[in-house]
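Coordinates in review
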Amino acid sequence: TKTEQEIMEEENYKKLSAKQRRKLGRLSIAELKQLVPRPDVVGLHDCNSHDPKLLVHMKSYRNTVPVPSHWCQKRKYLQGKRGLERSGFELPQFIADTGIGEVRNLDSAANDGKGLRGRQKERMQPKMGKIDIDYQVRG
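Bringing the overall build of the chain into the picture now. Looking only at helices and strands, one finds 8 helices and 0 strands in the chain. Along the chain direction, N to C, the helices and strands of the chain fall in the order α-α-α-α-α-α-α-α. Each of the 139 residues in the chain was classed as buried or not, and the buried ones make up 9%. In the chain, of all internal contacts separated by at least 6 residues, the share reaching a separation of at least 24 is 21%.

What follows concerns the layout of surface pockets. Rolling a probe over the atoms, with the probe sized like a water molecule, indicates the empty space that remains. Taken as a whole, the largest pocket encloses approximately 490 Å³ of empty space. What lines the largest pocket is a set of 19 residues, among which Val41, Asp46, Lys59, Pro66 and Val67 lie closest to the centre.

The phi dihedral of Asn63 is positive, around 65°, even though this residue is not glycine. The topology assignment puts Asn63 in the loop between α4 (52-59) and α5 (93-96).

Turning to its location among the elements, Ser60 is positioned in the loop between α4 and α5. Here His57 takes part through its backbone oxygen, which lies 3.0 Å from a polar atom of the side chain of Ser60. Among residues more than four places away in sequence, those in contact with Ser60 are Arg38 and Val41.

It is worth spelling out the pattern of salt bridges at this point. One pass over the structure, following the stated rule, counts 2 salt bridges. One salt bridge connects Arg38 with Asp40, and the closest N-O pair in it is separated by 3.1 Å. According to the relative accessible area criterion, Arg38 is partly exposed, its value standing at 38%. A salt bridge links Lys59 to Asp46, with the shortest nitrogen-to-oxygen separation between them at 2.9 Å. Of this pair, Lys59 sits in helix α4 while Asp46 sits in the loop between α3 (29-35) and α4, placing them 13 residues apart in sequence. A relative accessible area of 7% means that Asp46 is categorised as buried.

A contiguous nonpolar surface patch, about 470 Å² in accessible area, is contributed by Phe89, Leu91, Phe94 and Ile95. Here Ile95 shows up in helix α5. The class for Ile95 is partly exposed, based on a relative accessible area of 30%.

By size, the foremost hydrophobic cluster in this structure holds 6 residues: Leu32, Val36, Val41, Val42, Cys47 and Val56. The residues contacting Val41, other than those within four sequence positions of it, are Asp46, Val56, Lys59 and Ser60.

Attention now moves to a positive patch on the surface. A surface patch of like charges, here positive, comprises Lys19, Arg22, Lys23 and Arg26. Counting through the fold element by element, Lys23 comes out in helix α2 (residues 18-25).

Cut-offs and rules
Residues numbered from 1 in each chain as written. Predicted model: local features only at pLDDT ≥ 70, side-chain atom pairs only at ≥ 80, totals over all residues. Heavy atoms only, no water. Helix = DSSP H or I, 4+ residues; strand = E, 2+ residues; numbered from the N terminus. Buried < 20%, exposed > 50% of the residue type's maximum accessible area, 1.4 Å probe, protein only. Contact = heavy atoms within 4.5 Å. 1 Å grid on protein atoms, 1.4 Å probe; cavity = no way out; pocket = protein on both sides within 12 Å on 5 of 7 lines; lining within 4 Å. Points joined across faces, edges and corners; volume = space filled by probe spheres on them. Polar contact = N/O pair within 3.5 Å; in protein donor to acceptor, adjacent residues only side chain to side chain. Salt bridge = Lys/Arg side-chain N within 4 Å of Asp/Glu carboxyl O. Patch = residues over 30% accessible without salt bridge, like charges linked within 9 Å, V, L, I, M, F, W, Y side chains within 5 Å. Areas by Shrake-Rupley, 256 points an atom, 1.4 Å probe, with all protein chains shown as cover. Core = buried A, V, L, I, M, F, W, Y, C linked by side-chain atoms within 4.5 Å. Lys, Arg positive; Asp, Glu negative; His and termini not counted. Charge placed at Lys NZ, Arg CZ, Asp CG, Glu CD.

Any link to function would need more than the numbers given here.
In structure tokens form, the structure reads like this:
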């Protein structure tokens, strides 16, 4: 003793794909927030889980660490910042005033004459005390 309307709805439901039926059976974010004791932990993707109530219960449990927000992004973490131009490092003004920048530039100019092999050797076995700083002048 089903009414015509119920029969029509049942036929329409059978016509839907499995994906569409799953989407109809999902809770909305607002409904999920009303059902749980801590609505502040409900996220955008929590409704898509197999058991959204259990998921929100686990997220609201004490001493749990939240999942990072970039878990659902297509790009890897921080890969979107690749195209940003960054300026080179500049010494803070109070350090630059001592003149240490010029002393180091002179030292790096001396290294420019060396080949790759010499630079690698210098890196592995550095010679200490090459930079001679006159502390009376710089102070």
